[in-house]
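What the coordinates show
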Amino acid sequence: MRKWTSEIGDEDVGRDVTVYGWIHEVRDLGGLIFLILRDREGFIQVTLPRKKVPPDTFDVAKKVKRESVVKVVGIVKREPKAPQGYEITPRVIEVLNESVVPLPLEVTEKVPAELDTRLDHRFMDLRKPRIQAIFRIRHNILQSVRNFLSEHGFIEVNTPKIVSTATEGGTELFPISYFEKEAFLNQSPQLYKQILMASGFDRVFEIAPIFRAEEHNTTRHLNEAISIDIEMSFTDHHGVMKILEGLIVRVYEDVFERCEKFLKWMDVELEIPSLPFERIRYDEAVEIAEKRGEEVPWGEDLTTPALKVLAEEIGDIHYFIVDWPTECKPFYAMPYKENPKVCRSFDLMKGALELASGTQRIHRYNELVESMRAKGLNPDGFEFYLEAFRYGMPPHSGWGLGLERLLMSMLNLKNIREATLFPRDRHRLTP
RNA sequence: GCCCGGGUGGUGUAGUCCGGCCCAUCAUGCGGGCCUGUCGAGCCCGCGACCCGGGUUCAAAUCCCGGCCCGGGCGCCA
């Protein structure tokens, strides 16, 4: 019977099991060989006393190379001296595919490897349980997000990633050729999820890649990332902030509950944030930063050093920075009526890291066109979007949350590249 | 993109300041040998490297210039 290593227990003692996996380590003591077999779920020790296993099986174990893929069939023994409490005395060891040596990096981590080396040989890096745990947790986060949003009436959608020119201006787009036309990779599902509000879906979410052609080179930026986006009708920015903080807490709770093993592999102690998250106004944030000697001219985005001192003052917690200057938010952000210099907007922070940002959107056609012009955008290129605002667009709000950033902040990863299987950055296009 | 630091066996490093003592250190790995309770197994023998191009010099891993790449910080990031 085929089992994963984690499934081997008392009920298997004295019985035959089949395990598949990789040879993690070989400890050859001469007349006694220990093979440590690794699979997705963990390890199991395969023990070969010369006199108790078939001679040809013993020979296979003598010669097997690390990281080869094997099938092991044998009897399970309870053994206090074995690392997992159980070991297998094999009847058959079949090498399904032999590994070449030397390895491009050490899966056992006896010798560290630099991130760049690891990413060059990512498939091998991902064999490390500690690294694979990141992506097992990522899966749980996504599951949790889908459950939470579905329970709150959101419908999952997909919008085009190949788009025509003129999205929102500002960030750089990757140009691609689309038959006889020029096209771009989408930087955000923003315009499409808003259009869907005009369709009457009321609440939608999308989990999909976004592409940004910025030449940034930092530990928290990728040129291709996964964005969790929502759009919600008949609510303001406060409404979607509530959804966002509720979602974050739910994700933490679910990961805490379902990923105990993986958190342990990673040596991460998860602290579940409590509701509601603190909210500070942009004005207050600027004041705090300036008290610490970081000047931020009103109307501009908070600089990295300003966010760092802010995090030192507030703590490494989840909090919102709300009510940003209209001039540093996109054209679709709705200004306050009584003070149009400030808009109905927020960023979700974890310490100094921006996790998400959102706004209440302008839903009136004339105001929207006016706002575009004020930002130097030409409404003509946005007709497919603007049309949706002429025939009954409800008031609506939404946000976008960076999945990799959520993952990295949750697991204390120092580099966002750790949070994606095959990162795309300024210089990396392979693997 | 800017500033600073860096690039040495498969991997991670010492050596670079002050050129020769370096046909280059250590660990891990790999190959071989010994070994029946390892769990970072141990012991013995062996293998394997100075990013690329140019320059200075009797002599360059070491100094200078250019390129590529990496790390940190910043910028950019609706």
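Residues numbered from 1 in each chain as written. Chains lettered and ligands numbered in written order. Predicted model: local features only at pLDDT ≥ 70, side-chain atom pairs only at ≥ 80, totals over all residues. Heavy atoms only, no water.

The next subject is the pairing of strand β16 (residues 396-402). Where burial is concerned, most of β16 is hidden: seven out of the seven residues are buried. A two-sided burial pattern is seen for β16, the buried positions comprising His 396, Gly 398, Gly 400 and Gly 402 on one face and Ser 397, Trp 399 and Leu 401 on the other. Bridging between strand β11 (residues 224-233) and β16 involves seven bridges; their strand directions are antiparallel. Bridged to Met 232 within β16 is Ser 397. Here strand β15 (residues 353-360) runs beside β16; their pairing, made up of five bridges, is antiparallel. Bridge pairing links Ala 356 to Leu 401 in β16. (Buried < 20%, exposed > 50% of the residue type's maximum accessible area, 1.4 Å probe, protein only. Helix = DSSP H or I, 4+ residues; strand = E, 2+ residues; numbered from the N terminus. Pairing = 2+ DSSP bridges.)

What follows covers the sheet that holds strand β5 (residues 86-97). Overall, mixed pairing links the five strands, which are arranged β1-β2-β3-β5-β4 in a closed barrel. Geometrically, the sheet is characterised by an average inter-axis angle of 50° between neighbouring strands, direction not taken into account. Examined bridge by bridge, strand β3 (residues 42-49) and β5 share two bridges and lie parallel to one another. Within β5, the residue paired with Val 46 across the bridge is Ile 88. Sheet strands in contact with helix α1 (residues 55-63) are β1 (16-28), β2 (32-39), β3 and β5, and its direction is about 75° off that of β5. (Axes fitted to C-alpha atoms, helices over the stretch in contact; angles between N-to-C directions. Contact = heavy atoms within 4.5 Å.)

Here we take up the domain arrangement of chain A. Here chain A is partitioned into domain 1 (5-97) and domain 2 (129-277 + 317-419). Its C-alpha centre places domain 1 at a distance of 47 Å from the equivalent point of domain 2. Each partner contributes residues to the interface: domain 1 has six residues there, and domain 2 has five residues. For the domain 1 face of the interface with domain 2, the top three residues by lost area are Arg 40, Glu 41 and Phe 43, together amounting to 80%. At the boundary of domain 1 and domain 2, one finds two salt bridges. The interface formed by domain 1 and domain 2 holds two residue pairs in polar contact (both at pLDDT 80 or more) in total. For the side of domain 1 that touches domain 2, the residue count by class is one nonpolar, two polar and three charged. (Domains from an automatic or database assignment. Buried area = accessible area lost by both parts, 1.4 Å probe. Salt bridge = Lys/Arg side-chain N within 4 Å of Asp/Glu carboxyl O. Polar contact = N/O pair within 3.5 Å; in protein donor to acceptor, adjacent residues only side chain to side chain. Nonpolar A, V, L, I, M, F, W, Y, C, P; charged D, E, K, R; others polar.)

Spatially, β6-β10-β11-β16-β15-β14-β13-β12 is the arrangement adopted by the eight strands of the open sheet, whose pairing is mixed. Where the open sheet ends on each side, the last strands, each with one partner, are β6 (155-156) and β12 (278-281). The pairing of strand β10 (residues 203-211) with β11 spans nine bridges and is classified as antiparallel. Paired with Arg 203 across the bridge in β11 is Met 232. Along the sheet, helix α6 (residues 237-258) makes contact with β11, β12, β13 (318-322), β14 (345-350), β15 and β16, crossing β16 at roughly 35°. Here helix α8 (residues 282-291) sits on the sheet in contact with β12 and β13, set at roughly 80° to β12.

Glancing now at the state of the cysteines. Enumeration over the complete set of coordinates arrives at zero disulfides. This cysteine, Cys 343, is not joined by any disulfide, and Cys 328 carries the nearest cysteine sulfur, 7.1 Å off. (Disulfide = S-S within 2.5 Å.)

Summed over all chains, the structure comprises 41 salt bridges. The closest approach of N and O atoms between Glu 206 and Lys 161, which form a salt bridge, is 2.9 Å. Taken together, the positions of Glu 206 in strand β10 and Lys 161 in the loop between β6 and β7 (162-163) put the pair 45 residues apart, joining distant regions of the chain. The residues Glu 206 and Lys 161 share a single accessibility class, namely buried. In this structure, a network of salt bridges that share partners links the residues Arg 118, Arg 122, Asp 125, Lys 128 and Glu 418.

Attention now moves to the side chain of Ser 371. Within the fold, Ser 371 resides in helix α10 (residues 365-374). If we ignore the near neighbours within four places in the chain, the residues touching Ser 371 are Phe 331 and Ile 362.

What follows concerns unusual backbone geometry. What is expected of a backbone is that most residues other than glycine have negative phi and most peptide bonds are trans. Of the consecutive residues Val 101 and Pro 102, the connecting peptide bond is found in the cis state with omega at -5°. Take Pro 102: it is sitting in the loop between β5 and α2 (115-120). With an omega dihedral of -10°, the bond running from Leu 275 to Pro 276 counts as a cis peptide bond. Tracing the chain through its elements places Pro 276 in the loop between α7 (260-266) and β12.

Following the sequence through the fold, His 318 ends up in strand β13. Residue classification places His 318 among the buried residues on the basis of a relative accessible area of 7%. Between the C-alpha atoms of His 318 and Arg 279, which are 39 residues apart in sequence, the distance is 9.4 Å. Beyond its immediate stretch of four places on either side in the chain, His 318 contacts Ile 248, Tyr 252, Pro 273, Phe 277, Glu 278, Leu 348, Met 349, Lys 350 and Leu 355.

What follows deals with α1. Of the positions making up α1, those classed as buried are Thr 57, Phe 58 and Ala 61. What you see down the axis of α1 is that its buried residues fit within an arc of 100°, all on one side. Seen from the open side of α1, the exposed residues pointing more than 90 degrees away from its buried face are Pro 55, Asp 56 and Lys 63. (Arc of directions from axis to C-beta.)

Quick look at the environment of Asn 147 now. With respect to the element layout, Asn 147 can be found in helix α4 (residues 129-151). On the basis of relative accessibility, which here comes to 32%, the residue Asn 147 falls in the partly exposed class. Discounting residues that sit within four places of it in the chain, Asn 147 has contacts with Arg 250 and Arg 258.

So, on to the pairing of strand β8 (residues 175-178). Relative to strand β9 (residues 181-185), β8 is paired through four bridges, and the arrangement is antiparallel. Bridged to Pro 175 within β9 is Phe 184. Following β8, the chain reverses through two residues before pairing antiparallel with β9; Phe 179 in that reversal takes a positive phi of roughly 50°.

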